[in-house]
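Letter by letter, the chains look like this.
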Amino acid sequence: SNKGWSYEDCKATADWLLAQTDVRPTIAIVCGSGMGGLADMLKDQVVFNYKDIPNFPQSTVHGHAGRLVFGTLKGRPCVCMQGRFHLYEGYPIQKITLPIRIFKLIGVETVMLTNAAGGLNQDFKVGDIMIIRDHLNMPGFAGNNPLAGLNDERFGVRFPCMSDAYDRDLQQMAMDVGQELGYGDFLKEGVYCVLGGPSFETIAEARMLHKLGADAVGMSTAPEVIVARHCGMRVFALSLITNKAVMDYDSEEKANHEDVLQAGKQRAEQLERLVSTMVTKIEHNNNYA
Ligand SMILES: Nc1nc2ncn(CCNC(CO)CO)c2c(=O)[nH]1
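Remember, it's a predicted structure, so these values are computed and weren't measured experimentally. (Residues numbered from 1 in each chain as written. Predicted model: local features only at pLDDT ≥ 70, side-chain atom pairs only at ≥ 80, totals over all residues. Heavy atoms only, no water.)

Student: Would you explain helix 7 (residues 222–230) in this entry?
Tutor: Residues separated by three or four positions in an α-helix point in the same direction, a consequence of the helix having 3.6 residues per turn. Most of helix 7 sits out of view: eight of its nine residues are buried. Those residues of helix 7 lying buried are A222, P223, E224, V225, I226, V227, A228 and H230. Trailing helix 7 by a residue or two, G232 shows a phi angle of about 80°, which is positive. (Buried < 20%, exposed > 50% of the residue type's maximum accessible area, 1.4 Å probe, protein only. Helix = DSSP H or I, 4+ residues; strand = E, 2+ residues; numbered from the N terminus.)

In structure tokens:
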């Protein structure tokens, strides 16, 4: 297709990046709203503004810087997306997931995705970190799936399995590392539900999603996971619970983006510790391989 996300288009951008830096990342980190600070962990940084990368989409959301940061995390070569893309920005879903395919073509094997999300599970508090066990891909229910259209076998099969989308060893690693770091009180696990946005969910929608088994609700991540699994990369994902979804009509609470960014700042340091510790383990010992 000549829409800008063919294998050749992805390969051209991947080759451009490989020519610009000799960092060869095996792990990619995608930063959620207000969580761009994760990129600052990287040493020996080589930074590209999205607008300077051929065929790369542009970030349009406050709290998403729009920079691709290459570097090392405790010696491990990584690439970090400081700013990700969302359906609500009006991009086609294939454009939102283009970076994931580019990561595959530059040699990334594991993708670690983070996002800010609203808590549906009543046991969740603002500031909790939810290890994502599985997702409900609501846009996919309506056919808005990043793999729709012609399948390019060079990426993966026509009908990829999604029952193993979230790597169980990496989930276990996150729980173990979180406990070791003393994060047990705010470390949860659950099901993440993606909506298109940009409007936050209604009370009836929050109640419905909770009934359907969702523990957190957001506007990202599932499309990237589907594309990452399609091309055989391992996936780890977590949600920072930045506010409790409004579930009652007598509540005064009102979801807003500034609260989301503020909650991200509160937990930034713990998120960085968790992710960076996992990065060393992922590359290092084979217990979880
Ligand atoms: N209730 C609720 N709380 C949330 N906190 C973060 N997000 C994810 C969406 N984030 C948007 C707006 O902040 C920016 O990508 C949500 C959400 O969708 N619903």
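Student: Any chance you could explain the site of the ligand here in plain terms?
Tutor: Neighbouring residues of the ligand: 16 residues in total, closest Y88, E201, T242, N243 and H257. One of the side-chain nitrogen or oxygen atoms of E201 is found 2.7 Å away from a nitrogen atom of the ligand. T242 is positioned such that a nitrogen or oxygen atom in its side chain is 3.0 Å from a nitrogen atom of the ligand. Summarising the interface, the protein chains cover 95% of the accessible area of the ligand, which totals 440 Å² for the free molecule. Elements with a minimum of two residues in the shell around the ligand: strand 5 (110–119), strand 8 (216–218), strand 9 (234–244) and helix 8 (257–284). Looking at the shell around the ligand, its residues break down into eight nonpolar, seven polar and one charged. (Near = heavy atom within 4 Å. Polar contact = N/O pair within 3.5 Å; in protein donor to acceptor, adjacent residues only side chain to side chain. Areas by Shrake-Rupley, 256 points an atom, 1.4 Å probe, with all protein chains shown as cover. Nonpolar A, V, L, I, M, F, W, Y, C, P; charged D, E, K, R; others polar.)

Student: What should I look at first to understand the pattern of salt bridges in this one?
Tutor: When charged atoms on two side chains of opposite charge get close, those side chains can pair. Scanning the model with the defined rule gives nine salt bridges in all. For E224, the salt bridge identified is with R84, shortest N-O distance 2.7 Å. With E224 in helix 7 and R84 in the loop between strand 4 (76–82) and helix 2 (93–96), the pair connects residues that are 140 residues apart, well separated along the chain. Residue class for E224 comes out buried when judged on its relative accessible area of 3%. (Salt bridge = Lys/Arg side-chain N within 4 Å of Asp/Glu carboxyl O.)

Student: Please explain the nonpolar core as it appears in this structure.
Tutor: Buried together is how nonpolar side chains tend to be arranged in soluble globular proteins. In terms of nonpolar packing, the biggest core is built from 50 residues, with L68, F70, F103, V108 and V111 touching the most fellow members. Element by element, the count of residues in this core is highest for helix 7, at five residues. Once residues within four sequence positions are removed from consideration, V108 is found in contact with P25, T26, I27, A28, V79, F103 and M233. Counting residues in hydrophobic clusters, the runner-up holds 32 residues, among them C31, C78, I129 and Y183. (Core = buried A, V, L, I, M, F, W, Y, C linked by side-chain atoms within 4.5 Å. Contact = heavy atoms within 4.5 Å.)

Student: Is there a simple way to think about the environment of A165 in this case?
Tutor: Tracing the backbone shows A165 in the loop between helix 4 (138–141) and helix 5 (168–180). According to the relative accessible area criterion, A165 is buried, its value standing at 3%. A165 sits 31 residues away from D134 along the chain, and the two C-alpha atoms are 7.3 Å apart. Sequence-distant contacts of A165, that is, excluding residues within four places in its chain, are made with V225, R229 and V235.

Student: Would you take a moment to explain helix 3 (residues 98–105) for this structure?
Tutor: Across the eight residues that make up helix 3, a large majority, six, are buried. Every buried residue belonging to helix 3 is among L98, P99, I100, R101, I102 and F103, and all of these are buried.

Student: Even after reading the chapter, I still don't get a negative patch on the surface, so can you show me in this structure?
Tutor: Taken together, the side chains of D250, E252, E253, E258 and D259 define an acidic patch exposed on the protein surface. With respect to the secondary-structure elements, E253 resides in the loop between strand 9 and helix 8. (Patch = residues over 30% accessible without salt bridge, like charges linked within 9 Å, V, L, I, M, F, W, Y side chains within 5 Å. Lys, Arg positive; Asp, Glu negative; His and termini not counted. Charge placed at Lys NZ, Arg CZ, Asp CG, Glu CD.)

Student: Whenever I open this one, the environment of L271 confuses me. Can you help?
Tutor: As for its position among the elements, L271 is in helix 8. A sequence separation of 88 residues divides L271 from Y183, and the C-alpha atoms of the two residues are 9.9 Å apart. Beyond its immediate sequence surroundings of up to four residues, L271 is in contact with M35, L38, I129, L238 and L240.

Student: Can you help me understand the side chain of E201 in this one?
Tutor: The residue E201 is located in the loop between strand 7 (187–194) and helix 6 (203–211) in this model. Buried E201, no salt bridge; nearest opposite-charge side chain is R207, N-O distance 12 Å. Here E201 is in contact with L195, A206, V217 and A245, once residues within four sequence places are set aside.

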